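Residues per chain are reported as follows:
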Amino acid sequence: MTYSSYYQLLDLDPDQGTTVHLTTGAVNWAVEVCQQERDTDHQWFCFLRAMAIRGLQEWLDRGAQALSLEYNSETPPNPGVNCHVKGFRLCLLVQGSLTDGLISIPRYTLKDPLNFAHLYVLVEVHEEADEVKILAGLRRDHLVALKTSGELALNRKGHYYVPLEEWDLSPEDLLLYFHCLNPQQIEDKAAQLDTSSPESSPESSPESSPESISEGDRDSPGETLRDGPIPAHCLCQQQPLNVRDWLRDKLDAVAQRWDWTLLPPLATSHQLMSVQTPAEELETLLRDLEHQGVTIPDHAKGAYQELQAQGIPGRLYALIWKVFDSHYSPEWSLCLFLGPRPGEPLEPGTQLIVQDETSILVRQTLTEDSGNAYLYTQVIGHMDERFTVSIISGEGTPLTLPSFAFQS
C-alpha cells in the first residue's frame, strides 16, 4: 500500500464489527457492581448498563491504537453520563423491551450545565449470551435542536422520547469522532441552538445533576423503545461505488444514487479566461498541482459531487486511473479534491479522511492560517482494495460516502 500523505496513521477499521463477546471477568464485574445498587428494583437495569460499559470498552480496545474508556469501576453506573472517551461525556442507553419506535433519554443529561452528555450511544445487550452490540449514536446539538423545535415529548418522569430515525450516527461515525473531533465543537453548536431555552440555566430545575435524580428519572421498564430493526446505515457497510465504470463513461447505480456527475476528459494544456464550470475549476486545480511537481495522467477519469444535499457545504472531486508498473501487480489510484462551492468557502476545521479496510491512511484538516481553499490527497492500492472517504464539516457534521472500488 502506498499513499501521498505523511499524516499519522490511525488504526480505525470501519469493518471491525460492532458485536463484542464479554469475558467472564467482565460479566462478573457487572454482577458485583450492580449488587451495590440499594434499590433492588433498579439492579437489573444497572447490570445491563455495566455490561454495556464493558462492551464499549472492549470495542474501543480492538484497534492497534486503542481508545481509553474512563469510568468509575467502584460504583454502579448511573442512567446519565456514565463514561468518557477523550473528553467526550457519553450517556450509554441500553436497549430493553421496545414497543413504539422511541428511545427514552433522561432530561438532566441534556440540561446539566456541568455534566451534560456530548454523545448518546445506543447499545444492545444480550445478557444470556454475554454479548454487547454498539448500535447507533446521537449528538447533543441534534438533541437540543429537536427540543428547541418542539419535536420531543417529555413524560412525567422527566424523560424525552426521541424517534429512532433521529439516531443518525453509525458506530463508524462514533470512531471518527473519538479520533478526529473536539467535543468543544459539539458544545458550541448546542449552545448556539439553546440560548433562548430556559433549560440552559442551571437554576431552572433542581434536578440538573445526577446527584438530584428523582425516582421518576430512574430506570423504567423499556429504557429504550423501538419498533422494528435499527436502520441499516447504523449496522452494515454500504454497497461500494465501482469507479471502473468511469473509464467507460458510465455511472453505476450507487454513483447515481449519490448524485455523482462525470467530467469530460482532462484538458489542462489550454488557458482559460475564467473558472465557471466544475470541469474548468478542476483543470485549474490540476495546473496548480503541476507547478508543485504533481502530474495527473491524461487518461485519468473524473467525477464530482455537490455535498450540500448531504448536509456538508462544499464540492468533492474524484479522479481515478490505472497504475501500470512492470515490477508490481496492477494498481489503481484515487485522487481527491475537497473544495468550496462558488461563493461558499469551506469552514476552518473541515476534515478529509481516507481509510482502507484496516486503518486510516489520510486525515487532513483545513486551518485558517494555511491559506488553502482546498484539501487534496491521493492514494494507490491493488485492484481488490477499497477506499472509504469521510468528511467532517467545520461544525462537526460527519459524512461517510460509499467505498470507492475498482471492480471488473
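My aim in this report is to walk through the structure given alongside it, one point at a time. (Residues numbered from 1 in each chain as written. Predicted model: local features only at pLDDT ≥ 70, side-chain atom pairs only at ≥ 80, totals over all residues. Heavy atoms only, no water.)

### Describing the overall build of the protein
So, step 1. Of regular secondary structure, the protein possesses 8 helices and 20 strands.
So, step 2. Put simply, the protein has 408 residues, and 53% of those count as buried.
So, step 3. Partitioning the intrachain contacts of the protein with sequence separation of at least 6 by distance along the chain shows that 68% fall at a separation of at least 24.
So, step 4. Here the protein has roughly 18,300 Å² of accessible surface; of this, 48% comes from carbon and sulfur atoms. (Helix = DSSP H or I, 4+ residues; strand = E, 2+ residues; numbered from the N terminus. Buried < 20%, exposed > 50% of the residue type's maximum accessible area, 1.4 Å probe, protein only. Contact = heavy atoms within 4.5 Å. Areas by Shrake-Rupley, 256 points an atom, 1.4 Å probe, with all protein chains shown as cover.)

### Describing unusual backbone geometry
Only a minority of non-glycine residues have a phi that is not negative, and only a minority of peptide bonds are not trans.
So, step 1. One non-glycine residue, Lys86, lies in the positive phi region at around 50°.
So, step 2. With respect to the helices and strands, the residue Lys86 is situated in the loop between strand E3 (83-85) and strand E4 (88-95).
So, step 3. At Asp259, a residue that is not glycine, the phi angle is positive and equals roughly 60°.
So, step 4. Inspection of the secondary structure assignment puts Asp259 in the loop between helix H7 (253-257) and strand E11 (261-262).
So, step 5. Classification of Asp259 as partly exposed rests on a relative accessible area of 46%.

### Topic: the nonpolar core
So, step 1. Grouped together as the largest cluster of nonpolar side chains are 44 residues, with contacts concentrated most on Leu56, Leu60, Leu90, Leu92, Leu119 and Phe178.
So, step 2. Of all the elements in the fold, those that place two or more residues in this core are helix H1 (24-34), helix H2 (43-61), E3, E4, strand E6 (119-126), strand E7 (131-139) and helix H5 (171-180).
So, step 3. Counting residues per element, this core draws most heavily on H2, at 10 residues.
So, step 4. Among all residues touching Phe178, those that are not within four sequence positions of it are Leu60, Leu67, Val85, Lys86, Phe88, Leu90 and Leu119.
So, step 5. Among the nonpolar cores identified, the runner-up in size contains 32 residues, and Val362, Ile391, Leu401 and Phe406 belong to it. (Core = buried A, V, L, I, M, F, W, Y, C linked by side-chain atoms within 4.5 Å.)

### What about the sheet that holds strand E2 (residues 19-21)?
So, step 1. Reading across the sheet, the 5 strands line up as E2-E7-E6-E4-E3 and stay open at both edges, with mixed pairing between neighbours. Single-partner strands in this sheet number two, and they are E2 and E3. If you compare each strand with its neighbour and ignore which way they point, the axes differ by 35° on average.
So, step 2. For E4 and E6, the ladder comprises 6 bridges, and the chain directions are parallel. Across the sheet, Cys91 pairs through a bridge with Tyr120, a residue of E6. (Pairing = 2+ DSSP bridges. Axes fitted to C-alpha atoms, helices over the stretch in contact; angles between N-to-C directions.)

### Topic: the packing of H1 against H2
So, step 1. At a minimum axis distance of 8 Å, the contact between H1 and H2 shows a crossing angle of 145°. Crossing angle aside, the handedness with which H1 passes H2 is right-handed. Note on element contacts: H2 touches H1 through Gln43, Cys46, Phe47, Ala50, Met51 and Arg54, opposite Ala26, Val27, Trp29, Ala30, Val31, Val33 and Cys34.
So, step 2. Partitioned by chemical class, the residues of the contact of H1 with H2 number 11 nonpolar, 1 polar and 1 charged. (Left-handed = near helix turned anticlockwise from the far one by under 90°. Nonpolar A, V, L, I, M, F, W, Y, C, P; charged D, E, K, R; others polar.)

### With respect to the sheet that holds strand E9 (residues 159-163)
So, step 1. A sheet is described by the order of its strands in space; here 3 strands give the open sequence E5-E9-E8, paired in antiparallel fashion. In this open sheet, the two edge strands, each paired with only one partner strand, are strand E5 (102-106) and strand E8 (153-154).
So, step 2. Pairing of E8 with E9 involves 2 bridges; the strand directions are antiparallel. For Leu154, the partnering residue across the bridge sits in E9 and is Tyr160.

### Details of the environment of Asn242
So, step 1. Inspection of the secondary structure puts Asn242 in strand E10 (residues 241-242).
So, step 2. For Asn242, a relative accessible area of 9% corresponds to the buried category.
So, step 3. Taking the C-alpha atoms as reference points, Asn242 and Gln407, separated by 165 residues in sequence, lie 5.8 Å from one another.
So, step 4. Aside from chain neighbours lying at most four places away, what touches Asn242 is Asp252, Ala405, Phe406 and Gln407.

### Comments concerning the pattern of salt bridges
So, step 1. This structure, assessed with the given rule, holds 6 salt bridges.
So, step 2. For Arg248, the salt bridge goes to Asp245, with nearest N and O atoms at 2.8 Å.
So, step 3. For Arg248, a relative accessible area of 43% puts it in the partly exposed group.
So, step 4. We classify Asp245 as buried; its relative accessible area is 11%.
So, step 5. Each of Arg139, Asp141 and Lys189 takes part in one network of salt bridges that share partners. (Salt bridge = Lys/Arg side-chain N within 4 Å of Asp/Glu carboxyl O.)

In short, geometric facts, not functional conclusions.
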